[in-house]
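If you want the building blocks of each chain, they are given just below.
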Amino acid sequence: GISNTINMPERLKPSIQSRLGGKRCIFQAYNKEDAKRILEVKLKPAPIFENDAIEFAARKTAVNSGDIRRAFQMCKAAAERVMAEAE
């Protein structure tokens, strides 16, 4: 199974735990440079964010969680806010 929590197998019933196997793959959190690079590549086709905005999202993500999904959520919320204000 795939989980965002490290203790997920321990929280499951023993009958389910036995089917999971014992191998775990723990991914490191993204740092600011990695997050910035990912955002730049993924947001490049729709150039609506300035470099400072991408830098801000990358920095906040790296400090808070390292979870790149949070950076994309931040960018989505910012774009939605701008679109709502433009209407």
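The preceding data block contains the structure.
Report follows, based on the coordinates.

The rules behind these values
Residues numbered from 1 in each chain as written. Predicted model: local features only at pLDDT ≥ 70, side-chain atom pairs only at ≥ 80, totals over all residues. Heavy atoms only, no water. Helix = DSSP H or I, 4+ residues; strand = E, 2+ residues; numbered from the N terminus. Rg over C-alpha atoms; globule rule 2.2 N^0.38 Å. Contact = heavy atoms within 4.5 Å. Areas by Shrake-Rupley, 256 points an atom, 1.4 Å probe, with all protein chains shown as cover. Expected span 1.5 Å × (residues − 1). Buried < 20%, exposed > 50% of the residue type's maximum accessible area, 1.4 Å probe, protein only. Arc of directions from axis to C-beta.

Moving on to the overall build of the chain. The number of helices and strands found in the chain is 5 helices and 0 strands. When the helices and strands of the chain are placed in sequence order, the string is α-α-α-α-α. For 87 residues, the compact-globule estimate of 2.2 N^0.38 gives 12 Å, and the C-alpha radius of gyration of the chain, at 18 Å, exceeds that figure by more than 25%. Here the C-alpha coordinates of the chain stretch approximately 55 × 30 × 25 Å along the principal axes. Restricting the contact set of the chain to residue pairs at least 6 apart, pairs at least 24 apart contribute 43%. Element-wise, carbon and sulfur atoms account for 56% of the exposed surface of the chain, whose accessible area totals about 7,300 Å².

Bringing helix α5 (residues 68-86) into the picture now. Helix length check: α5 (19 residues) gives 27 Å between terminal C-alpha atoms against 27 Å at 1.5 Å per residue, within 8%. Every buried residue of α5 is accounted for by I68, A71, C75 and A79. Looking straight down α5, one finds that the buried residues subtend no more than 65 degrees of arc, so they occupy a single side. Counted as exposed and oriented over 90 degrees from the buried face of α5: K76, R81, A84 and E85.

A few words now on the side chain of E55. Considering the arrangement of structural elements, one finds E55 in helix α4 (residues 51-64). What makes E55 buried here is its relative accessible area of 18%. Those residues within four positions of E55 in sequence are excluded, and the remaining contacts are K32 and K36.

Because an α-helix packs 3.6 residues into every turn, residues spaced three or four apart end up facing the same way. Counted at 1.5 Å a residue, the expected span for helix α3 (residues 32-43) with its 12 residues is 16 Å, and the 16 Å between its end C-alpha atoms agrees. For α3, every residue scored as buried is listed here: A35, L39 and L43. For α3, the angular spread of the buried residues around the axis is 45 degrees, confining them to a single face. Those residues of α3 that are buried lie in contact with α4 and α5.

Purely geometric stuff here, so don't read any function into it on its own.
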